[in-house]
Amino acid sequence: MPIDVAIDSTIERTPDEVFAAVADLDAWPTWLIASGIRSVRRERPGEPSVRERLVVEQNAAGRAGTFDAEVTGFEPGHHIALRGRDRDGVTIDIEAAVDATPGSDGGTTELRFSIRIALPLKYRLFESMARPQVERAALLDVESLRLRLESPPEG
């Protein structure tokens, strides 16, 4: 059974600001710290595009890995989705969607960030141990993003 984690967060920034941060794949290592994202190598700079290939290096729970990934969904200003797979057969789906908080006049955003990890048979014994770590990492990472976005600019 895959590990499914979804985090909902309210961020005191506009949807455009939140989406820009989430869709900035090059900056993922600056806020996906607890998830262990070390680097993202892309085919080209700029806005992501569907079918764009990238390589994500991750070091989590004492396991270093490289995921060959692809952008599987992209709706500018609203939604981004990626799927990756490492050489051991671990697959990871990451998805983020932003919407203006109802009644907020566009200055507050609802972020839904989800991760789905499917382990091959030889690792399924570890799912129950990995699930709480994945949940904790996702919570910490989304909180890190929220704090970064809501902090006053350094000057």
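Bear in mind that the values here come from a model prediction, so they are computed numbers and not experimental data. (Residues numbered from 1 in each chain as written. Predicted model: local features only at pLDDT ≥ 70, side-chain atom pairs only at ≥ 80, totals over all residues. Heavy atoms only, no water.)

### Details of the overall build of the protein
Within the protein, the secondary structure is distributed over three helices and seven strands. Listing every helix and strand of the protein by position from the N terminus yields β-α-α-β-β-β-β-β-β-α. In terms of overall size, the protein behaves like a compact globule, its C-alpha atoms giving a radius of gyration of 15 Å where 155 residues would be expected to give roughly 15 Å. Summarising its shape, the C-alpha atoms of the protein cover approximately 50 × 35 × 30 Å along the three principal directions. (Helix = DSSP H or I, 4+ residues; strand = E, 2+ residues; numbered from the N terminus. Rg over C-alpha atoms; globule rule 2.2 N^0.38 Å.)

### Quick word on the confidence of the model for the protein
Residues of the protein with pLDDT of at least 70 account for 97%, and the chain-wide mean is 91. Within the protein, strand E5 (residues 79–85) carries the highest mean pLDDT (97), whereas strand E3 (residues 53–60) carries the lowest (90). (pLDDT = per-residue confidence, 0-100.)

### Focus on the sheet that holds strand E1 (residues 3–11)
What the seven strands build is an open sheet, ordered E1-E7-E6-E5-E4-E3-E2; its pairing is antiparallel. A strand with exactly one partner marks an edge of an open sheet, and here the two such strands are E1 and strand E2 (37–42). The sheet shows a mean angle of 20 degrees between the axes of neighbouring strands, taken without regard to direction. As paired elements, strand E4 (residues 63–75) and E5 share seven bridges and run antiparallel to each other. Counted as the bridge partner of valine 71 is leucine 82 from E5. Of the strands in this sheet, E1, E4, E5, strand E6 (91–100) and strand E7 (109–118) touch helix H1 (residues 15–23), which is tilted by about 165 degrees from E6. (Pairing = 2+ DSSP bridges. Axes fitted to C-alpha atoms, helices over the stretch in contact; angles between N-to-C directions. Contact = heavy atoms within 4.5 Å.)

### Remarks on the packing of aromatic side chains
Per the stated rule, a full pass over the model turns up two aromatic pairs. Residues phenylalanine 19 and phenylalanine 74 carry aromatic rings whose centres are separated by 5.7 Å and whose planes lie at 45 degrees to one another, so their mutual orientation is tilted. Of the two residues, phenylalanine 19 sits in helix H1 while phenylalanine 74 sits in strand E4, which places them 55 residues apart along the sequence. The residues phenylalanine 19 and phenylalanine 74 share a single accessibility class, namely buried. (Phe/Tyr/Trp six-rings, centres within 6.5 Å; stacked < 30°, edge-to-face > 60°. Buried < 20%, exposed > 50% of the residue type's maximum accessible area, 1.4 Å probe, protein only.)

### Quick word on the environment of glutamate 70
Mapped onto the fold, glutamate 70 is located in strand E4. Owing to a relative accessible area of 23%, glutamate 70 belongs among the partly exposed residues under this scheme. Here the alpha-carbon distance between glutamate 70 and alanine 60, two residues 10 residues apart in the chain, equals 20 Å. If near-sequence neighbours (up to four positions away) are discounted, glutamate 70 is found in contact with Arg51, Glu52, Arg53, Ala81, Leu82 and Arg83.

### Observations regarding the pairing of E3
Judged from the five bridges that link them, E2 and E3 form a sheet pairing that is antiparallel. The residue of E3 that forms the bridge with arginine 42 is leucine 54. Relative to E4, E3 runs antiparallel, the two being bridged by eight bridges. By the bridge assignment, valine 56 is partnered in E4 with phenylalanine 67.

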